[in-house]
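# Per-entry structural report
If you want the building blocks of each chain, they are given just below.
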Amino acid sequence: MSYLHIENLTVGLKGTGDRLLRGVSLSVDAGEVMGLVGESGAGKSMIGKAILGILPRSAEVLGGVIEMDGENLLALPPRLRRQRIGAKAALIPQDPLTALNPSRRIAPQITDRLVDILGWDKARARDRARESLAEVQIPDPDRVLRCYPHELSGGMRQRILIASAFAAEPKLIVADEPTTALDVTVQKQILRLIRDMQARHNTALLFVTHDLGVVAKICQKMTVLYGGMVLEQTDVRSFFKAPGHPYSAALLAATPRHDDPAASLTPVPDHVVQAVRAEVAAADRMQRHG
Amino acid sequence: MLRRSLLRLASTLVTLLGVAVIVFVVIRVVPGNPIAMMLPPGATPEDELRLKALYGLDKSIAEQFFIWLGGVLRGDFGTSISTRQPVLGLVLGRLPATLELSVMALVLAVVWGGALALIGTRFRGGRTEAAVDVGNGMALSVPDFLWGLVLILLFGVLWPVFHISGRISPSLDLPFTTNFYLFESVLRLRFDLWADIVAHMFMPAVALALPLAAIIAQLLKQSLKETMHLDYVTLSRTKGYDETHVITRDALPNAVLPTLTLVGVQFTFLIGGTVIIERLFSYEGLGNMAIDAVINRDLPLIQGIVILFALIFTGVNLIVDLLYTVLNPRLRHA
């Protein structure tokens, strides 16, 4: 049994018939990295949000199962569900500049979960925070713990957020485009850091990105999404050798290549887009009539 | 920091001087003659001139101003024409009553407005928030003195639970050495007196507080709702915290700053509102005294009261600025 198992997850816009996720299923094991790819609006972030219980107020889960550690989160009462997520899962957010509370020092922002949700005593949590910062190669952790976010650089803050995510030893981490807001030189270091941390802690990692280059570097498995629907689920090696879906193939062709930067980029052709839209529409019809 | 404080002090002094000049000139230019009101029937023009000379009103306005300013710098604000007592003593004697009333109103407004904002945010998008909005609209669309009248009718006449007039029941023996009755009654552990004072202050304080509470509730709720969309709030949710915790711990400290600025500005309006509210409730404070002073054309007393009000306003703004620095860590190093 996989650590995270999602079955037929459907998320809709409240009060309308619109669906943001259309029966998504996927599984991630401990120690495994799953990439969620697709263009903006494909629903890749929505999956992470549904798992962590942070869907926007306008959205709601219409059906399906989100099983974490053998327990269906959607069947739990809200309070218990929040506690499970806080204890067993964590988020590495996209923008390090906005993801830390500007009016709190760093230390309580790392230790709060350990003390309030996991019930650790304060001294132990403080030690753990120091260790975590050292683990993500932050020099002088004691000084950083006393800092306010505005006193630290963007790269530093992303390291802190990664340390904070791993501090409680969660079995599942959702990384929502964690390198998109960083500049290119920092991106590479952060990506390597996330991969190292994930491997060392044997965490199941769900990595949301629009960048196939990043997927190639960090993921073992990947899920290609369009319009909230899974088009293809495969291991990364075979995807790059031979994408299974015409849309995936077009997406791959539209990605700049590091080994051949001069190669011209092919936008996703219109007929591929139309075909995949028709596929989504057909799935909707099936759902309505079935 | 020292430079900033000195600049601040200098700008305060300039403000006070400006206020002094304007008040001094205006109350001498508008119709109404304090001397005429003091003269007994049948007084001769010579009597009038003598009286004018006695109060220095025969000199030019500029001369009068510098004589007055010279006195103020020595701590002498002149003598009240209507009561023939030193202005400083009169004004300082009334100040505690007005301060206690304003601060009580402010506390009520902050507690009530803050609570409504938090409740409205917690249950946003539903009937509870709509009810909060409607309540705020009502509180805002009625001025404080009308609230005062409504309160008198409801809780003074129909269901008399509060006193509608004065600061304390006249039958009580007062052991107080200062004029801070409310404060001193607590220090002396005289809770019987304290209860009587509160029963007198409560309605005027509520009348003053209602509009401010509505403004606080509305603005704070708005900033809270905006803050609730921010990433650090979302991150906090994923840690396992519930809505209430996220609102009070993550959103509130960051959303409170714009409200704080507004409270500073609005608090000065509230103090201005004491003039009418104190009259309405026959509360013996500065505002009530100000109205008497204007009716009697008591020029030195008017000047003294206005200068004191101006001092309070600048003091309030200074406190708000300091609080801002305390609450926003980003300003501390600037």
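Keep in mind the model is a prediction, meaning the values are calculated, not measured.

## Quick look at the overall build of chain A
Tallying secondary structure elements over chain A gives 11 helices and 10 strands in all. Taken along the three principal axes of its C-alpha coordinates, chain A extends 60 × 50 × 35 Å. Across the 290 residues of chain A, 41% fall into the buried class. The long-range share in chain A, meaning contacts at least 24 apart out of those at least 6 apart in sequence, stands at 66%.

## Considerations on the interface of chain B and chain A
Contacts between the two partners involve 16 residues from chain B, matched on the other side by 24 residues from chain A. Secondary-structure elements contributing two or more residues to the side of chain B that touches chain A are helix 10 (231–238), helix 11 (243–280) and helix 14 (329–332) of chain B. Grouping the amino acids of the side of chain B that touches chain A by side-chain chemistry returns 5 nonpolar, 5 polar and 6 charged.

## Observations regarding the environment of A:Asp142
Residue placement: A:Asp142 occurs in helix 5 (residues 141–146). Along the backbone, A:Asp142 and A:Ala107 are 35 residues apart, and their C-alpha atoms lie at a distance of 8.9 Å.

## Here's the deal with the UniProt feature "transmembrane region" (unreviewed entry) in chain B
Residue and element names in this part refer to chain B. Residues annotated in UniProt with the feature "transmembrane region" (unreviewed entry) correspond here to residues 7–30, 101–119, 145–162, 197–220, 255–281 and 301–324. Taken end to end, residues 7–30 comprises 96% helix and 0% strand; its first and last C-alpha atoms sit 35 Å apart. Segment residues 255–281 splits into 96% helix and 0% strand. End C-alpha atoms: 36 Å apart.

## Examining the sheet that holds strand 2 (residues 19–28) of chain A
Residue and element names in this part refer to chain A. Strand order across the open sheet formed by 4 strands is 2-1-4-5, with antiparallel pairing between neighbours. The sheet terminates laterally at strand 2 and strand 5 (71–72), the two strands that pair on one side only. As defined by bridge partners, strand 1 (residues 4–13) adjoins strand 4 (residues 59–68) across 8 bridges and the pair is classed as antiparallel. Bridge pairing in strand 4 links Leu13 to Ala59. With respect to the sheet, helix 1 (residues 44–52) is in contact with strand 1, strand 2 and strand 4, its orientation differing from that of strand 2 by roughly 75°.

## Overview of the nonpolar core
Judged by nonpolar contacts, the single largest core of 151 residues is most densely connected at A:Phe207 and B:Ile305. Sorting elements by how many residues they give to this core places helix 9 (residues 191–227) of chain B first, with 18 residues. The contact partners of B:Ile305, leaving out residues within four places of it in the chain, are B:Val91, B:Leu286, B:Met289, B:Ala290 and B:Ala293.

## Overview of the UniProt feature "domain: ABC transporter" (unreviewed entry) in chain A
The sites that carry the UniProt feature "domain: ABC transporter" (unreviewed entry) are, in the present numbering, residues 4–252 of chain A. Along residues 4–252 of chain A the backbone is 42% helical and 26% strand, and the end-to-end C-alpha distance reaches 27 Å.

## Section: the packing of helix 10 of chain B against helix 11 of chain B
All names here are of chain B. Helix 11 packs onto helix 10 with a crossing angle of 145° between their chain directions and a minimal axis gap of 10 Å. The way helix 10 lies across helix 11 gives a crossing that is right-handed. Between helix 10, through Tyr232, Val233, Ser236 and Arg237, and helix 11, the contact on the second element is made entirely by Val246, Asp250 and Ala251. Of the residues belonging to the contact of helix 10 with helix 11, the class tally is 4 nonpolar, 1 polar and 2 charged.

Each value, and the rule that gives it
- Residues numbered from 1 in each chain as written.
- Chains lettered and ligands numbered in written order.
- Predicted model: local features only at pLDDT ≥ 70, side-chain atom pairs only at ≥ 80, totals over all residues.
- Helix = DSSP H or I, 4+ residues; strand = E, 2+ residues; numbered from the N terminus.
- Buried ≥ 20, exposed ≤ 12 C-beta atoms within 10 Å, placed from the backbone.
- Contact = placed C-beta atoms within 7 Å.
- Nonpolar A, V, L, I, M, F, W, Y, C, P; charged D, E, K, R; others polar.
- UniProt positions renumbered as here; feature names shortened; annotations may be inferred.
- Pairing = 2+ DSSP bridges.
- Axes fitted to C-alpha atoms, helices over the stretch in contact; angles between N-to-C directions.
- Core = buried A, V, L, I, M, F, W, Y, C linked by C-beta atoms within 7 Å.
- Left-handed = near helix turned anticlockwise from the far one by under 90°.

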